[in-house]
Amino acid sequence: MPENAAEVTAAGIARLAGVGRAAVSNWRRRHADFPKPVGGTETSPSFSLADVERWLRVQGKLAEVPLRERVWQQIAGHPAGAVTALVHTGCALLVVRDRPSGWLEMTAVSDERMAHLLPPALEEVLTLRLGPERPVPTPNPTETAPSVPLLRAAAELAAETGARQAFEFLLGRHLDANPRQYTLTPPGPASLMAELAGPAATVLDPACGTGALLRAVTRPTALYAQEADRDLAALTALRLALQSGADVRARAGDSLRSDAFPRLTADAVLCHPPFNERNWGHEELAYDPRWEYGFPARTESELAWVQHALARLHPGGTAVLLMPPAAASRRSGRRIRADLLRRGALRAVVALPAGAAPPYGIPLHLWVLRKPVAGVPAPPALLVVDTAEHTDTGRDKLDWPAVHSAVLDAWQPFDKHGTVEERPGGHRCVPVIELLDDDVDLAPARHLPPPPAVGGAEELAGVRDRLTAVLRRTGELTPPPARTAAHPEPARLPGVTVGELARTGALELRAGGTGTAPASGTAVTVPGAPAATGPSGTTAAATAGDGPASVPVLTEQDVLAGQGPSGSLPEGAAEEPVLVRAGDVVVPVLGGGSIARVVDDATAGAALGRNLQLLRPDPAAIDPWFLAGFLRGTANNRQASSYASTATRLDVRRLQLPRLPLTEQQRYGETFRALAEFEEALRLAGRLGERLVQGMYDGLTDGTVEAAPGG
């Protein structure tokens, strides 16, 4: 095998063939011609990717694997590492997009010849799109040689999906595979920050990360990016160049210590800076001219980024920064906050719901700043906005359209007129003089009058009436007294496992994964089964292509809570989601609980989320309510569960059903359906009861509701 051949692990082989790792282990034991390990360790060996693909193809196990999966495996197994492979791929995709005829000429020769032809073409395109001082080096022929098969395959993928989409998919897979290595800015906050900044031709992000903020800018003419991590700077430069027709100028380096754009005066600056960074250059930057509003304390790195952003704006330019909430109230930063207010540089502080962006456990703030214009008096008020009312139980539950509207409906009139009508609990124009006390605390919640308690006494009365009706309905749905079965030992009935039913075609198994195809080792597609369709009959591919907002995601939390789909597909998801149909049964596979949900018409068409297993029964063979009911049996779940560390995982294939004729299944199914209806009524009663109780507490404490008369 050549020294620079790509390698793949057993998990990668499983993904290529669409099977589980156990199947790969069986192949190694049963087939003497299975490729031998070429690296790795005894417990985690690696294999030659070329040899594995050849063997799978001969065995007929590779024909249906998507091209994008094979390209990703080449990147993951690249001898120089995934980042180098991604950089080479991004460079090649720029040539594919900008020099299509030249690319075809270069690919018409041998791999060895192509490795020598490619570097000059890359140098020309990279210099044109990213400039001579770019963070993306031009690989030489020796560096290019091991990547040539990958680049040919990536070009094929680009022909199918487009160069930008191909790179987005591959980069997204790399980011998903290394979640702790990168701090990502989700699309929701990125879009909101770009809208707050307003129309801008030249935009800078001095801590650009993966480029999410600059990608959210509409119709820029020039994008400036700097990132301390050189590898990430290179990937982001290629990502921006493939997405936008704007001039892209990206640099590697620490913006505070080594500013790559010291003379830039941008229209807007967007930034998600690193938080709580004590080693930001406090000692060596003491006399830096950027500290116009005060020298930040060692513990106030975020205020250093704020002043860096202001220093790179032209007068009247806007900066929007994602900030930790502590930056609005720490005493060590009060003098700088006061000067920002006095001089009119800080225009708004927006509290986002918890779960909006990492770290997801705290409600982050957005600071909107504007560089003062000489001779123009400082505005007399600061806009504070609190969007906490739009949170629920985590980032999958955020109502981003409502958050966007709440923020922009306050900011746009304030930005235009300098004032906006107050909304209790939502937003308010706070006079600057009111903020300039000993603390200069800018936390929005501390300056907003509380909202009325659940709409006041009238709405509380409505909640009480709904609760009364639901409790009445719950009583009607309460199951009758249980009777002892004629055969009290149902385990002796002839049984069949879900895995056996899948093999015979009586049902189909699909694994969830937001925006992904069936997961390795769990996807069993019955031959001849139709593609998953939405409510209107569209396929998953067609529906997913409409954009992330067009397909809601049924999450694990939705199934556990018995509620509608609340998730959304990730931006740029390149793989087809699994869409649920009415009559499907969905089961969470983590946590050790016994939950199974039958999909109704209202949920049909949603994408299946992570950690969920879909069972699609043939209605001529299996009643869905019968299936869901027996899957919920405690003993059934216990014998089908396994343990990994502290987590419990359900092996759905090992769950058992009794062998019963369809008419008998339907009799059980009607009982299980009635139990599910009773369970949902109990859930609704609980939610209404909690709302009524909290509303009464709030109303009594804020004076909008009177205490009951004595006696």
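About the cut-offs
Residues numbered from 1 in each chain as written. Predicted model: local features only at pLDDT ≥ 70, side-chain atom pairs only at ≥ 80, totals over all residues. Heavy atoms only, no water. Pairing = 2+ DSSP bridges. Helix = DSSP H or I, 4+ residues; strand = E, 2+ residues; numbered from the N terminus. Salt bridge = Lys/Arg side-chain N within 4 Å of Asp/Glu carboxyl O. Buried < 20%, exposed > 50% of the residue type's maximum accessible area, 1.4 Å probe, protein only. 1 Å grid on protein atoms, 1.4 Å probe; cavity = no way out; pocket = protein on both sides within 12 Å on 5 of 7 lines; lining within 4 Å. Points joined across faces, edges and corners; volume = space filled by probe spheres on them. Nonpolar A, V, L, I, M, F, W, Y, C, P; charged D, E, K, R; others polar.

- An unreviewed UniProt entry annotates the chain as N-6 DNA methylase of Streptomyces lavendulocolor.

**Concerning the sheet that holds strand β2 (residues 39-40)**
Part 1: The 3 strands lie next to each other as β1-β3-β2, forming an open sheet whose pairing is antiparallel. On the outer flanks of this sheet lie β1 (7-9) and β2, each paired with one strand and no other.
Part 2: As defined by bridge partners, β1 adjoins strand β3 (residues 45-48) across 3 bridges and the pair is classed as antiparallel. Within β3, the position partnered with Thr 9 by the bridge is Ser 46.

**Describing the pattern of salt bridges**
Part 1: Counting across every chain of the model gives 34 salt bridges.
Part 2: Glu 283 is the salt-bridge partner of Arg 298, the closest N and O atoms lying 2.5 Å from each other. Pair noted here: Arg 298 is in the loop between β7 (266-271) and α14 (301-311) and Glu 283 is in the loop between β7 and α14, with a separation of 15 residues, a long-range link.
Part 3: Residue classification places Arg 298 among the partly exposed positions, given a relative accessible area of 35%.

**Details of empty space enclosed by the protein**
Part 1: In this structure the tally under the stated criterion is 2 cavities of 30 Å³ or more.
Part 2: Counted as a void, the largest cavity has a volume near 40 Å³.
Part 3: Taken together, Arg 290, Glu 292, Tyr 293, Gln 307, Leu 310, Ala 311 and Lys 371 form the lining of the largest cavity.
Part 4: In terms of residue class, the lining of the largest cavity is built from 3 nonpolar, 1 polar and 3 charged.
Part 5: Considered as a void within the structure, the second largest cavity measures approximately 30 Å³ in volume.
Part 6: Forming the walls of the second largest cavity are Leu 341, Gly 344, Leu 346, Arg 347, Pro 379, Ala 381, Leu 382 and Val 432.
Part 7: Secondary structure elements with two or more residues in the lining of the second largest cavity: β9 (346-351) and β11 (381-386).
Part 8: The residue makeup of the lining of the second largest cavity, split by class, is 6 nonpolar, 1 polar and 1 charged.

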